[in-house]
Amino acid sequence: MTDKAPSIETAPELTAWLQTPPGQYLLAWEQAQADAAVADLFGFHALQLGLPALQALQANRMPHRWVVGVDLHCDADALPFGSGSLDLVVLPHVLEHAADAHHLLREVERVLRPEGRLIVFGLNPASLWGMRQKLGRLRPGRPCYLPRSGEFLGYWRLRDWLKLLSFDVEKARFGLYRPPLSTELWLNRWQWVEPIGSRWWPVLGAVYFIQAVKRVHGMRLISLAKRKRLAAKKAPAVALNHHNKK
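Residues numbered from 1 in each chain as written. Predicted model: local features only at pLDDT ≥ 70, side-chain atom pairs only at ≥ 80, totals over all residues. Heavy atoms only, no water.

A. Region of interest: the nonpolar core. Counting 34 residues, the largest nonpolar core has L49, V89, L91, L95, L105, L118 and L158 as the members making the most contacts within it. Looking at this core, the elements that each hand over two or more residues are β1 (45-49), β3 (86-92), α3 (101-111), β4 (112-123), α5 (155-164), β5 (167-175) and β6 (207-214). The dominant element in this core, judged by the number of residues it contributes, is α3, at five residues. In this structure, L105 is in contact with L91, L95, L118, L158, W161, L162 and L165, ignoring residues within four places of it in sequence. In terms of nonpolar packing, the next biggest core, distinct from the first, is built from 32 residues, A37, F121, W129 and A206 among them. (Core = buried A, V, L, I, M, F, W, Y, C linked by side-chain atoms within 4.5 Å. Buried < 20%, exposed > 50% of the residue type's maximum accessible area, 1.4 Å probe, protein only. Helix = DSSP H or I, 4+ residues; strand = E, 2+ residues; numbered from the N terminus. Contact = heavy atoms within 4.5 Å.)

B. Expanded view of the side chain of S127. Take S127: it is sitting in the loop between β4 and α4 (128-137). Side-chain polar atoms of S127 contact the backbone nitrogen of G130, separated by 3.0 Å. Once residues lying within four places of it in the same chain are set aside, the contact partners of S127 are L204, G205 and A206. (Polar contact = N/O pair within 3.5 Å; in protein donor to acceptor, adjacent residues only side chain to side chain.)

C. Just the pairing of β6, in detail. Among the eight residues in β6, eight count as buried, and that is most of the element. Note that β4 and β6 share seven bridges and pair antiparallel. The residue of β6 that forms the bridge with G122 is Y208. Bridging between β5 and β6 involves eight bridges; their strand directions are antiparallel. (Pairing = 2+ DSSP bridges.)

D. Expanded view of the side chain of N124. By secondary structure assignment, the location of N124 is in the loop between β4 and α4. Since its relative accessible area comes to 3%, N124 is described here as buried. Side-chain polar atoms of N124 contact the backbone nitrogen of A126, separated by 3.1 Å. When near neighbours in sequence (up to four residues on either side) are disregarded, N124 contacts G130, F174, V203, L204, G205, A206, V207 and Y208.

From the geometry alone we can't say anything about function, so treat these as descriptive.
And the structure:
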């Protein structure tokens, strides 16, 4: 993956690939993860950056929801939102195609409010799909299994970036353990490998999901102190019985 798109719009090659059997397989898994993750996230403003084929906000109940590429168009240089104005941001395979993935993450951190949530979907280079993609690139002129454009961003590398930007990872999981097959027939025949892969080699799934929360220095300690004070106020009184000596 050498070519990078200059904006955060969904790459055309990725849009076309999502119509293939493996693309539909990936979308189904990601839709299930997104629905479960956003259903109980509350607030007022949510943003999905690109990949409209994944309806990542459909199960969320925030009153204001936008999808870049459908409701608005922008690039990673400056998201059209004020600092600390969003409660949820979803990045479905956007970092892989951003001209500067780290800059995009910094912009997301800027527009998220303290304790706001970030959800990221990414392709895992340390997987059977990732290895197949690397082999495909060694043969110029021949098609790759996945879209040729973009750049894989490893799971652990992304976690390091999030930590540097004061995010705490709340949830993370991998999925898609079937080999890099191209037809629906053969993908269905390998369905049996999913529970085995998730149990015995979970970090080797073809795709990963991360949910992180934006922390602001000092706010977490204040929140803990408030909870302790509330707990102390709600603590039941202990009755001491005094018996007269005879």
